[in-house]
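# Notes for the structure review
Here is how the chains run, residue by residue.
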Amino acid sequence: MGKKKKLSSMNLERYSYKEAAHEDVKVRCRILIVCEGEKTEPNYFKSFDQMQYGSVVYNIECEGGKINTVQVVDKAIELRNKAISSGSPYDTVWAVFDKDDFPVSAFNAAIIKAEQHGIGCAWSNEAFELWYVFHFVNRVTAMSREEYKKAISKHVNESSTYTHKAKYTYRKNDLKSRMIMTVYGDETRAIRYAQNQDDSFDDTRYATHNPCTTVYKLVRLLRGEDRDFNRKIMDDLNE
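Now for a look at the structure at hand.

Scoring rules and cut-offs
Along each chain, residues carry numbers from 1 onward, in the same order as the chain's sequence is written. In view of the model being predicted, local features appear only for residues whose pLDDT reaches at least 70, and side-chain atom pairs are presented and counted only at 80 or more, with totals across whole chains, interfaces and linings using the full set of residues. The basis for the side-chain values is all heavy atoms of the structure; hydrogens and waters are excluded. Numbering of helices and strands runs from the N terminus; a helix is a DSSP stretch of H or I covering at least four residues, while a strand is a stretch of E covering at least two. Three exposure classes are used, based on accessible area relative to the maximum for each residue type with a 1.4 Å probe and protein chains only: buried under 20%, partly exposed in between, and exposed over 50%. Residue-level accessible areas treat just the shown protein chains as cover; the underlying method is Shrake-Rupley with a 1.4 Å probe. Residue count minus one, scaled by 1.5 Å, sets the expected span of a helix. Here, residues are in contact when the closest pair of their heavy atoms is within 4.5 Å. As used in this structure description, the phrase polar contact means that two N or O atoms lie within 3.5 Å; if the pair is within protein, one of them must be able to donate a hydrogen and the other to accept it, and residues adjacent in sequence are counted only when both atoms belong to side chains. Lines fitted to C-alpha atoms define the axes here, with helix axes fitted over just the stretch in contact, and angles between the N-to-C directions of these axes take values from 0 to 180 degrees. Here the angle decides the label: under 35 degrees means roughly parallel, over 145 means roughly antiparallel, 65 to 115 means roughly perpendicular, and every other value means oblique. Crossing chirality is assigned from the near helix's rotation relative to the far helix, an anticlockwise turn below a right angle marking it left-handed and a clockwise turn marking it right-handed. Three categories are distinguished: nonpolar for Ala, Val, Leu, Ile, Met, Phe, Trp, Tyr, Cys and Pro, charged for Asp, Glu, Lys and Arg, and polar for the others, with Gly belonging to the last. Salt-bridge detection follows one rule: a side-chain nitrogen of Lys or Arg within 4 Å of a carboxyl oxygen of Asp or Glu.

## Some thoughts on the overall build of the chain
A count of helices and strands for the chain gives ten helices and seven strands. By the burial criterion, 48% of the 239 residues in the chain qualify as buried. About 12400 Å² of surface is accessible on the chain, with carbon and sulfur atoms providing 47% of the total.

Shown next as structure tokens:
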């Protein structure tokens, strides 16, 4: 087996060595995602757990549920700081929440607080399901939460690759949601549509950015496509 690189004690746990002489060294990246929702968002993001892109394997932990926008950010900050104190920091920490019926001031304040404290923020206005809609169409006008559900079901059923006899009906807590969206929709297209819509706004009145979602930023990272984040991971390991 080839000679292992000398690492600091903090970085040792991030490497996973293979016994075979020619297998690549894997780098384990710890990601904490704190969600407002109890099942929909955690189920979706857990689907990325243990996925590998290049030499990086993502270890994803999801926390939260049944808490409001500001509480999501506060919990993310608390857990981030606790992990740092214990000597096992996360490589990145994200807060995930929706506008829904939360007050405008609370929604805007949560986003600003996340940015001030270095917490990644994957917010949606009005709901997380907008991210799913973007897998099929470039939605630029506002929708209600009920309309999202109907639109997702309609787009899946009308997909040229959907050949099941039974009609598909979207369910919020479906463990297969990401698989369904990527098989019958297009995740790369969703990232492009969501980013274009996000870029169409140029102010910090986030509650008025409707429809809009920044979930694409977190998904892009989890797909190994965030070059700045990837560079940071490797730089940290080389210190």
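## Thoughts on helix α3 (residues 69-85)
Residues spaced three or four apart along an α-helix point in a common direction, a consequence of the helix completing one turn every 3.6 residues. Here α3 is 17 residues long and its end C-alpha atoms lie 25 Å apart, about the 24 Å a rise of 1.5 Å per residue gives. Turning to α3, the residues buried within the fold contact β2 (26-35), β4 (56-64), β5 (92-98) and α4 (104-116). Capping the start of α3, N68 holds a side-chain oxygen 3.3 Å from the backbone nitrogen of V70, two or three residues further along.

## Let's talk about the environment of I77
Along the polypeptide, I77 turns up in helix α3. Taking the C-alpha atoms as reference points, I77 and A114, separated by 37 residues in sequence, lie 8.2 Å from one another. Dropping the residues within four chain positions of it, I77 is found in contact with K113, H117 and I119.

## Concerning the packing of helix α8 (residues 187-199) against helix α9 (residues 215-222)
Running from amino to carboxyl end, α8 crosses α9 at an angle of 140°, the nearest separation of the two axes being 9 Å. In this view, α8 runs oblique relative to α9, as classed from their interaxial angle. For the element pair α8 and α9, the recorded crossing hand is left-handed. Only Y216, K217, V219 and R220 of α9 make contact with α8, whose side of the interface consists of E187, I191, A194, Q195 and D198. Considering only residue class, the contact of α8 with α9 consists of four nonpolar, one polar and four charged.

## Describing the pattern of salt bridges
This structure, assessed with the given rule, holds 14 salt bridges. Between K149 and E146 there is a salt bridge; the shortest N-O distance is 3.3 Å. Highlighted residues: K149 and E146, both in helix α6 (residues 145-158), separated by three residues, approximately one helical turn. Among the residues examined, K149 registers a relative accessible area of 26% and is labelled partly exposed. Owing to a relative accessible area of 47%, E146 belongs among the partly exposed residues under this scheme. Several salt bridges share partner residues, and in doing so they unite R178, E187, R223 and E225 into one network.

## Focus: unusual backbone geometry
With an omega of 15°, the peptide bond between N125 and E126 qualifies as cis. Position of E126 relative to the elements: it lies in the loop between β6 (120-125) and α5 (129-133). Cis geometry marks the peptide bond from N210 to P211, where omega comes out at 5°. Here P211 lies in the loop between α8 and β7 (212-213). Positive phi, close to 60°, is recorded for K66, a residue that is not glycine. Within the secondary structure, K66 is located in the loop between β4 and α3. Residues other than glycine seldom take positive phi values, yet D100 does so here, at roughly 45°. By the element assignment, D100 lies in the loop between β5 and α4.

Nothing here speaks to function; it is all geometry.
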